[in-house]
Structure formats: structure tokens, C-alpha cells
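Listed here are the chains, written in short residue letters.
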Amino acid sequence: MDLGVFLSLVMFAVFMVMILVGYNVAFSFASTATMFAFIGDLTDTFDPNTLGGLPLRWAGTLENPELLAVPLFVLMGAVLERSGVAERLLNAFGMIMGPLRGGVAAAVIVVGTLLAAATGVVAATVIVMGLLSLPAMVRLGYDHKLATGAIIASGTLAQLLPPSIVLILLAQQIGVGILGLFAGALIPGLLLSGLYVLYVLGISFFKPNVGPTMPLAERQLSGNPGLKASLQIAALLGGVVALVTLLISANVALYAFLITFVIALVVGLFGKMLATEGLVAIVPVLALITGVLVSIFRGVATPSESGAVGVFGALLIGVLNWVFDRILINEGAQHITPKWRLTGKAMAEAGRSTANITILVMTLLFSSTFFSLMFFQLGGSDQMGAWLSSIGGGKAGFVLVAMVAVFLLGINLEFLEITFIVVPIFVPAMEVLEFTNFDKIWFSVLMAVNLNMAFISPPVGFSLFYLQSVAPPEVKTADIHKGAIPFMVLQGVALVLLGLFPGITRFSWELFSTAG
């Protein structure tokens, strides 16, 4: 074996040892690359002059407009969390689905799916859902394993559903368009969410004690909207929907406004407070997520531009949330505590969390670029590509080995670390095996589903620890870990289905990427 290739493999082994024993990943990237740059120079296996191109690669990264979508989508989710929208959405869905056995757990999955699509960050989604829904399900008598499993599984969908940060970074690393990857991942993500809902409703139907119904008294809200309040709410909701559908055409926006206005008015006049509460909680969030995705898929805006509009939309929904509170309180609603939530402190917290995640992503990106350059210059990339592409079975054999590697690494590492560690190693093999653009999208979707499974795998899945940090004392760690297992099985089923039937991903990709 060539000495340079040998050094590159030793460098990778040293790096893996460093991160597995607990060293910071970014510093491990940079320190091993620096150390082996000196060793390569001393052994004449590396020309240090090639490092002169590193600043240009970093500058190119900073100028990449697609990466601007990362902080913008994170900020959008952070604003939704701190404006009370997530809490209102969960309460409304829970009461609406409360009459069903397992209905509250199913509502948690639906809301978790919406928040996952809105935040794109696993930790934020799992923690918010844990704080808001777990104490309520425990109080209702839900089996702790079912309750915790529903939260961690749905929250982890933030890695798969667009506008996921994982998808943005995978697109950048693998070399496919963000639009295509978002389009290809949408139906697989919804498929996984649907499997979760079917499971919790099915297990609760056959075992009523694990997912009891919500008592009638907890599903009734005081007050009833009058004509004036119903007209106000209908006009506001119609305006929100019209703004989104304006992306399609002015005529569609007009019809959407009229239809939404009429439905909301009828619900307000003839329904009860719960029906109105459901509308004001669900419609704005759905409109925001739909608007962001439609603007991307139709080519009206780039992902970064859509992220900026999403942040504005989240702020607007926060204001609307307060307006709806004032209207419903005047109509006798007692379930609402009127409070202006978009305070300076709340916005500072949202900005701080966004900055933390953005700095983490960019630090890892810079450090991994240095590491990848060294690995390539020493000949490691070519050697790994040759080995991976020579695995029996062609593309299928490579994908199988890659999925096993990603799952094993995902047990101990965050998705950011995996993306920057293994994807650059996979890419050369994909080129040798002549992966098409769709093949790369399909592989990325499989990788995202795989990371979902690894993220909730006991005993060290990260989502387990996120929920454990906010779980009430009566919920044991063992319950959280045991609760994850059935959902891991469902994720495994989805992974196999998507692997055996690439047409599912292709259908999603062709449907949404050609929506414009």
C-alpha cells in the first residue's frame, strides 16, 4: 500500500478514536489534519503548498447562498416555539383527537410532524414536545413507553422532513440540489409519520389501557364566538390562506380566501369554542409550512429566500396568536391566558439558539473541509472510493454497507458529525458506481431515515437524552428507552420499503420538483 494512503487511513482511525473518547469533533477534525499535514510533509507524501487553496474553499463556503437557509429555518422554528404557537397547536389537536383511544398520542405525532417541518432541528422539537405533551399524557394515564416513544419518534422527523437542516447539508455534501432533495424526502417523511399514527391508534385500540381517551370534561371549552368575532377570525384566516395561495395565482388566492372565510365563519357560528380554537391553532401553521414549501417547489424563491419569508411568517403568526387570544377572551374563553409572547427576551433567546446552531454548523464545515483536503491529498478518498465501489452487488451492495455504517455511527454521533465524516468518503464511490442525480437523492433519503433510527436507538440515541432531560420524575429512563423500540422497528420497515421500492422516492421527487 502507498505510504500516503496508509497515512490517510491512520489519520481517519486517529480521528475516530478521538471523537469516540469524547473530544470535540471540530477540534478533532482540525488537529488530526494539522498533525498529519506535518507528517505528510516530513515523509514527502503531502505538498503543504496545496493548503494555500484552503482559504478559497472556506470563502466559497461562506458565499454559498444555499447554506444561508440553515440559520433562517432554525430561526423560524425558534420563533414559533417561543410565540406560544406550538403549545396552542398541541392543545387544540389533543382535544380534537381526544375521543379516540390513543388520540392524544396520535395528536402528538401530528403536531410533532408539523413542528419538525417548521423547525428542522431535532433537539428543539423533542424538548418542546416533551415539555408540552408528556406531563399531560402521564396525567391522562397513558402508558409511559407509548407516550415517550411517540414524542421522540415524531420529533426526530426533523431530520427527514423539509426544510430539514440534515437535507440542506446532505445536498451540499453530496452535490444535489436542495429543491430535488426536499421534493424526494417529503412523501417518505409523511409515510413514516403515518406509520407512527397507525401504530399508536392500533395498539391503543387493542390495549385500551395504554392509550385511554381524554375525558369529556377536558375536551370542552367555555364560551361561544358571536357574529362579530366569527367574522373577524374568518377574515384573518382567509387572509393568511390567500397570502400563501397567491404564490400560485391571484385567482386561486381569491377562491382560497372565499372558501376559508366561509368555512371559518360557519364553524364560528355553528360550532363551539373548541372548533374555533382548532382553526386558529392549525390553519396559520399549516399555511406557513405550505407557503415555505410551495415557494421552493414552484421556484418562486430559493430555499434561503423562503427561509427569510418563513421567519417573517412566524413573527406574523405570533402576532396573530395574540390577536386571536384577545378576540376569544371577549367571547368568554377561559382556557386562554392573554400574554404578549414576542418579547425582547424571547427574541433574544431565539436569536441565541439560532446563533449557537449556525456557529456549530460552520465550525464543523470549516474543520471538516481541512480534514477532507488532507484525506484527499494523501490518497485516502481514492482508496476508500475504490474499496466501496468494489463491494459485491454494485449499487445495492454499496448502499447496504453504507446504511449499516451510518446506523452504527449514528448511535454515538450527531447527524452533523456523520454528514461531515462519512459523506465525503461515500461520494467518490458514488461517482465510480455512476450514481445518477436521482440515485443520490434516493441515497440521501435513505440516509436521513437511517439517522432517524439511529437517533432513537437505545441506550445512547440522542433523542432519548433530549426527552430524558425534560421528563417528569415518574417517567423512568427505562420507559423512554423501551418506548423507542417499536418506533425503531417502524423506521426499519420504512427504510426497507424505501430501499426496495425507490419508486416511492422517485414519485415524490418528480411530483414536487416539477410542481412549478
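Our structure is the block above this text.
From a predicted model like this one, the values you see are computed outputs, not experimental measurements. Sequence order as written defines residue numbering, which begins from 1 separately in each chain. Per-residue local features are limited, in this predicted model, to residues with pLDDT of at least 70; the limit for side-chain atom pairs, both in listing and counting, is 80 or more; totals at the level of whole chains, interfaces and linings are taken over all residues. Side-chain numbers here rest on the full set of heavy atoms in the structure, without hydrogens or water.

Draft legend 1. How the structure looks around the overall build of the chain. The numbering of helices and of strands both runs from the N terminus, where a helix is a DSSP run of H or I of at least 4 residues and a strand a run of E of at least 2. Helix and strand content of the chain: 23 helices and 0 strands. Put simply, the radius of gyration uses C-alpha atoms, and a globule should come to 2.2 Å times the residue count raised to 0.38. For the chain, whose C-alpha radius of gyration is 24 Å, the value lies close to the compact-globule estimate of 24 Å for 516 residues. By its C-alpha atoms, the chain is 80 × 50 × 45 Å across when sized along the principal axes. Across the chain, the fraction of contacts at a sequence separation of at least 24, relative to all contacts at a separation of at least 6, is 81%. Reported accessibility uses the Shrake-Rupley method at a 1.4 Å probe radius. Residues are deemed covered only where the shown protein chains occlude them. Carbon and sulfur atoms make up 69% of the accessible area of the chain, which amounts to about 20600 Å² in all. Where the 21 positive side-chain charges of the chain centre and where its 24 negative ones centre are 17 Å apart. Should any heavy atoms of two residues lie within 4.5 Å, those residues are counted as being in contact. We treat Lys and Arg as the positive residues and Asp and Glu as the negative residues; His and chain ends play no part in the count. By convention, charge coordinates are those of NZ in Lys, CZ in Arg, CG in Asp, or CD in Glu.

Draft legend 2. Here's a closer look at unusual backbone geometry. Of note in this structure, Asp 44 is not a glycine but carries a positive phi near 60°. Remark: exposure states derive from per-residue accessible area (1.4 Å probe, protein chains only) relative to the maximum for the residue type, with buried under 20%, exposed over 50%, and partly exposed in between. Classification of Asp 44 by relative accessible area gives exposed; the value is 71%. Within the chain, Glu 434 stands out as a residue other than glycine whose phi angle is a positive 60°. Judged by relative accessible area, which is 62%, Glu 434 ranks as exposed.

Draft legend 3. Representation of the pattern of salt bridges in the model. For salt bridges, the criterion is a side-chain nitrogen of Lys or Arg within 4 Å of an Asp or Glu carboxyl oxygen. For the coordinates displayed, the defined rule picks out 9 salt bridges. The partner of Arg 82 in a salt bridge is Glu 349, with the nearest N and O atoms 3.6 Å apart. One end of the pair, Arg 82, is in helix α4 (residues 69-82); the other, Glu 349, is in helix α15 (residues 344-377), with 267 residues separating them in the sequence. Linking Asp 325 and Arg 88 is a salt bridge whose minimum nitrogen-to-oxygen distance equals 2.7 Å. Note that Asp 325 is positioned in helix α14 (residues 303-330) and Arg 88 in helix α5 (residues 85-97), a separation of 237 residues in sequence.

Draft legend 4. A look at the nonpolar core. With 177 residues, the main nonpolar core has Phe 398, Val 422, Phe 426, Phe 443 and Met 447 as its most contacted residues. When residues of this core are assigned to their parent elements, the largest contribution, 14 residues, is made by helix α13 (residues 273-297). Excluding its chain neighbours within four sequence positions, the residues that come into contact with Val 422 are Val 406, Leu 409 and Met 447. Grouping buried Ala, Val, Leu, Ile, Met, Phe, Trp, Tyr and Cys residues that are joined through side-chain atoms within 4.5 Å yields what is termed a nonpolar core.

Draft legend 5. Molecular detail of the side chain of Ser 306. Mapped onto the elements, Ser 306 comes out in helix α14. If sequence neighbours within four positions are ignored, Ser 306 has contacts with Phe 73, Val 292, Ser 295, Ile 296 and Ala 301.

Draft legend 6. View of the packing of helix α20 (residues 437-455) against helix α22 (residues 477-500). Between N-to-C directions, angles cover 0 to 180 degrees, with each direction set by a line fitted to C-alpha atoms, over the stretch in contact for helices. Direction vectors running N to C along α20 and α22 enclose 170°, while the axes themselves pass 9 Å from each other. Between α20 and α22, the interaxial angle falls into the category roughly antiparallel. In this structure, α20 uses Trp 442, Val 445, Leu 446, Val 449, Asn 450, Asn 452 and Met 453 to contact α22, whose residues at the interface are Met 488, Gln 491, Gly 492, Leu 495, Leu 498 and Gly 499. Under the scheme applied, nonpolar residues are Ala, Val, Leu, Ile, Met, Phe, Trp, Tyr, Cys and Pro; charged residues are Asp, Glu, Lys and Arg; polar residues are all the others, including Gly. Looking at the contact of α20 with α22, its residues break down into 8 nonpolar, 5 polar and no charged. By definition in this entry, angles of less than 35 degrees are roughly parallel, angles greater than 145 are roughly antiparallel, angles of 65 to 115 are roughly perpendicular, and the rest are oblique.

Draft legend 7. Local environment of helix α8 (residues 144-155). Each helix should span, by expectation, one fewer than its residue count multiplied by 1.5 Å. A rise of 1.5 Å per residue sets the reference length of α8, with its 12 residues, at 16 Å; its end C-alpha atoms lie 17 Å apart and thus fit the reference within 8%. For α8, a buried count of 11 out of 12 residues is recorded, marking the element as mostly surrounded by other parts of the structure. Restricting attention to buried positions, one finds in α8 the residues His 144, Leu 146, Ala 147, Thr 148, Gly 149, Ala 150, Ile 151, Ile 152, Ala 153, Ser 154 and Gly 155.

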